Amino acid sequence: MDNSVIIGPEALPALGELLHRPAVSRVFVLVDGNTARQCLPLLEKQLPADYKLIEIPAGEEYKTLASCDVLWGELTEQRADRHAVLVNLGGGVVTDLGGFAAALYKRGIRFVQVPTTLLAQVDASVGGKTGVDFQGYKNQLGVFQEPAGVFIEPRFLQTLDPRQVKSGYAEVIKHWLIADADAFNTNRRLGWLTDDWTPIIRASVALKQRIVAEDPLESGPRKLLNFGHTVGHALESYLLTQPSREILHGEAVAAGLVCESWISVQHGLLTAEELDKIETFVFSVFDKIPFVSLETEAIAEFALQDKKNTGTTINCTLLQGIGTGVFDQPVTLAEIAESLRYYHRLQA
Ligand SMILES: NC(=O)c1ccc[n+]([C@@H]2O[C@H](COP(=O)([O-])OP(=O)(O)OC[C@H]3O[C@@H](n4cnc5c(N)ncnc54)[C@H](O)[C@@H]3O)[C@@H](O)[C@H]2O)c1
Ligand SMILES: O=C(O)C(=O)C[C@@H](O)[C@H](O)[C@H](O)COP(=O)(O)O
Ligand SMILES: [Zn+2]
């Protein structure tokens, strides 16, 4: 097996061929409640007859060690050996958690990613970042571990809620902002809806693969892929602590793109006109996330746990013009809070 990415109608048959190889002792399929119903039927004919299904509840709140415990318990109960393969069928929660759990079970079994949301197809399934949330912090526990393959079938998106599609689109905009000004400028005029996501998935995967190949363990340029996430993760983590204020990862990232673009302007890296273009595009797709200005400090505090930090210094990825990211830019906690106040004042 290699860690290739296959996109299109040939993806699932290729996975089927791989799962029937003699080197595979047993196949386990990890799903959540929704992908069990909506996605498994399309995959099922590629699976060996004796595959074992393992289900976790859907949602970010289940991206935890407790869900890994359920998965590890099943693998142990079934006497899964090191030649077993775990197929992660779902969005970023299933691909992150399943990849992490597979990397730890018996010090590592092979896993494959079958992403079923736009977000997981353009971003989460690619690049080998896996993990779970811990004590309210996003992806606090995790490993870098490449899957044995990524099999992307855009037809899965047919059953996806439009809100979830938009959430994935935030990561696509992020890719354009850090590395593809032409795509940003073309697509901001076209709007976000399309009948066929395949070209956008292909372009995003290629862009992410290029950056990951240069720096798989995120000691340098991979930090570009984290643009929007210093503030985005802070907002997401904060709102996850608030009952009935649900936020999706991509929605938080969209807000983070605006806040971190504003910080880029304060650092003299981006012009006010460029910031305006970014805001206009982002708010043509996403509603503004409601929070009150009294909450900005508490939200900003979460940035103190960002994985790009060194000691007490918050290192942000910023934009040096649309289409060019720059990483390791020190920013203060006060700037993070001020960027949230700026976002809060904006009229969507
Ligand atoms: N590892 C990485 O590089 C990386 C990159 C980006 C995001 N992430 C992580 O990904 C997670 C978010 O992923 P997500 O947005 O896919 O969320 P998700 O996995 O929670 O999926 C969103 C919802 O859609 C449902 N669903 C999935 N596929 C479906 C389909 N085809 N039809 C109908 N419903 C479907 C799921 O059950 C869930 O309710 C976050 O935890 C984020 O931190 C990781
Ligand atoms: O692949 C990467 O590298 C990314 O940063 C992609 C992000 O979109 C993704 O949300 C990632 O999980 C964030 O990682 P973290 O290190 O900030 O937890
Ligand atoms: Zn992300």
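The model shown is predicted, which means the values in this text are computed figures rather than measured ones. (Residues numbered from 1 in each chain as written. Chains lettered and ligands numbered in written order. Predicted model: local features only at pLDDT ≥ 70, side-chain atom pairs only at ≥ 80, totals over all residues. Heavy atoms only, no water.)

Undergrad: So what's going on with the overall build of the chain? Residues and values would help.
TA: Check the secondary structure of the chain and you find 14 helices and 10 strands. Scaling as 2.2 N^0.38, a compact globule of 348 residues should have a C-alpha radius of gyration of about 20 Å, and the chain matches this with 20 Å. Projected onto its principal axes, the C-alpha coordinates of the chain cover approximately 60 × 40 × 40 Å. Partitioning the intrachain contacts of the chain with sequence separation of at least 6 by distance along the chain shows that 78% fall at a separation of at least 24. With the model as given, the accessible surface of the chain reaches about 14,500 Å², and the carbon-plus-sulfur share is 52%. (Helix = DSSP H or I, 4+ residues; strand = E, 2+ residues; numbered from the N terminus. Rg over C-alpha atoms; globule rule 2.2 N^0.38 Å. Contact = heavy atoms within 4.5 Å. Areas by Shrake-Rupley, 256 points an atom, 1.4 Å probe, with all protein chains shown as cover.)

Undergrad: Outline the environment of tyrosine 105, supporting the account with residue identities and numerical values.
TA: With respect to the secondary-structure elements, tyrosine 105 resides in the loop between α5 (92-104) and β5 (110-115). Taking C-alpha positions, tyrosine 105 is 30 Å from threonine 241, a pair spaced 136 residues apart along the chain. Excluding anything up to four places from it in sequence, tyrosine 105 contacts Trp72, Leu75, Thr76 and Ala80. At 3.4 Å, the side chain of tyrosine 105 and the backbone oxygen of leucine 75 are in polar contact. At 2.8 Å, the side chain of tyrosine 105 and the backbone oxygen of alanine 80 are in polar contact. (Polar contact = N/O pair within 3.5 Å; in protein donor to acceptor, adjacent residues only side chain to side chain.)

Undergrad: Can you break down the side chain of threonine 198 residue by residue, with the values?
TA: On the secondary structure map, threonine 198 appears in helix α9 (residues 198-214). Polar side-chain contacts of threonine 198 include one of 2.6 Å to the side chain of aspartate 196. When near neighbours in sequence (up to four residues on either side) are disregarded, threonine 198 contacts Ile7 and Pro154.

Undergrad: Pulling in residues and values, what's your account of the coordination of the zinc ion (ligand 3)?
TA: For the zinc ion (ligand 3), the full set of protein donor atoms is Glu171 (OE), His229 (NE2) and His249 (NE2), at a range of 2.0 to 2.2 Å. The sequence motif formed by the donor residues of the zinc ion (ligand 3) is E-x57-H-x19-H. Taken together, the positions of histidine 229 in helix α10 (residues 229-240) and histidine 249 in helix α11 (residues 249-266) put the pair 20 residues apart, joining distant regions of the chain. One exposure class covers both histidine 229 and histidine 249, and it is buried. (Donors = N, O, S within 2.8 Å, 3.2 Å for Na, K, Ca; no water. Buried < 20%, exposed > 50% of the residue type's maximum accessible area, 1.4 Å probe, protein only.)

Undergrad: Got a sec to walk through the domain arrangement of the chain? Specific residues and values, please.
TA: Under the domain assignment used here, the chain contains domain 1 (4-159) and domain 2 (175-346). Its C-alpha centre places domain 1 at a distance of 27 Å from the equivalent point of domain 2. Each partner contributes to the interface: domain 1 provides 21 residues, whereas domain 2 provides 24 residues. Of the roughly 2,100 Å² buried between domain 1 and domain 2, counting both surfaces, carbon and sulfur atoms make up 64%. Across the contact surface, domain 1 and domain 2 share three salt bridges. (Domains from an automatic or database assignment. Buried area = accessible area lost by both parts, 1.4 Å probe. Salt bridge = Lys/Arg side-chain N within 4 Å of Asp/Glu carboxyl O.)

Undergrad: Describe the UniProt feature "domain: 3-dehydroquinate synthase C-terminal" (unreviewed entry) in the chain, listing the residues and the values that go with them.
TA: Under the feature "domain: 3-dehydroquinate synthase C-terminal" (unreviewed entry), the UniProt entry names residues 168-309. The distance separating the terminal C-alpha atoms of residues 168-309 is 25 Å; by composition the span is 63% helix and 0% strand. (UniProt positions renumbered as here; feature names shortened; annotations may be inferred.)

Undergrad: Residues and numbers for the packing of aromatic side chains, please.
TA: Counted by the stated rule, this structure contains 11 aromatic pairs. Pairing tryptophan 176 with phenylalanine 281 gives two aromatic rings, centres 6.5 Å apart and planes at 10°, and the pair type is stacked. Of this pair, tryptophan 176 sits in helix α7 (residues 162-179) while phenylalanine 281 sits in helix α12 (residues 272-285), and the two are 105 residues apart along the sequence. You'll find tryptophan 176 and phenylalanine 281 in the same group, each marked buried. (Phe/Tyr/Trp six-rings, centres within 6.5 Å; stacked < 30°, edge-to-face > 60°.)

Undergrad: Account for the packing of α11 against helix α14 (residues 333-345), with residues named and values stated.
TA: Look at α11 against α14: their axes get within 9 Å of each other, and the N-to-C directions meet at 115°. At the point where α11 passes α14, the crossing takes the right-handed sense. Across the interface between the two elements, Ala255, Val258, Cys259, Trp262 and Ile263 from α11 touch Glu335, Ile336, Glu338, Ser339, Leu340, Tyr342 and Tyr343 from α14. Classifying every residue of the contact of α11 with α14 gives nine nonpolar, one polar and two charged. (Axes fitted to C-alpha atoms, helices over the stretch in contact; angles between N-to-C directions. Left-handed = near helix turned anticlockwise from the far one by under 90°. Nonpolar A, V, L, I, M, F, W, Y, C, P; charged D, E, K, R; others polar.)

Undergrad: Before we move on, could you go through the environment of glycine 8 and cite the residues and values that matter?
TA: Inspection of the secondary structure assignment puts glycine 8 in the loop between β1 (4-7) and α1 (11-19). In contact with glycine 8, other than residues within four places in its own chain, are Ile152, Glu153 and Pro154.

Undergrad: Quick rundown of the site of ligand 2? Include the residues and the values.
TA: Residues in close proximity to ligand 2 total 13 residues, the closest being Asp123, Lys208, Arg222, Asn226 and Lys307. Separating an oxygen atom of ligand 2 from a side-chain N or O atom of asparagine 139 is a distance of 2.9 Å. Taking glutamate 171, its side chain carries an N or O atom lying 3.2 Å from an oxygen atom of ligand 2. Surface burial for ligand 2 is 92%, taken as the share of its 440 Å² of free accessible area covered by protein chains. (Near = heavy atom within 4 Å.)

Undergrad: Pulling in residues and values, what's your account of the site of ligand 1?
TA: In the region of ligand 1, 26 residues are neighbours, and Asp32, Glu60, Thr116, Thr117 and Thr159 sit closest. At 2.8 Å, a side-chain N or O of lysine 63 approaches an oxygen atom of ligand 1. Measuring from an oxygen atom of ligand 1, one finds a side-chain N or O atom of lysine 138 at 2.8 Å. Look at ligand 1: alone it shows 860 Å² of surface, and the protein chains cover 91% of it. For the shell around ligand 1, the secondary structure elements donating two or more residues are α2 (33-38), α5, α6 (118-124), β7 (137-144) and α7. Looking at the shell around ligand 1 residue by residue, the class counts come to seven nonpolar, 10 polar and nine charged.

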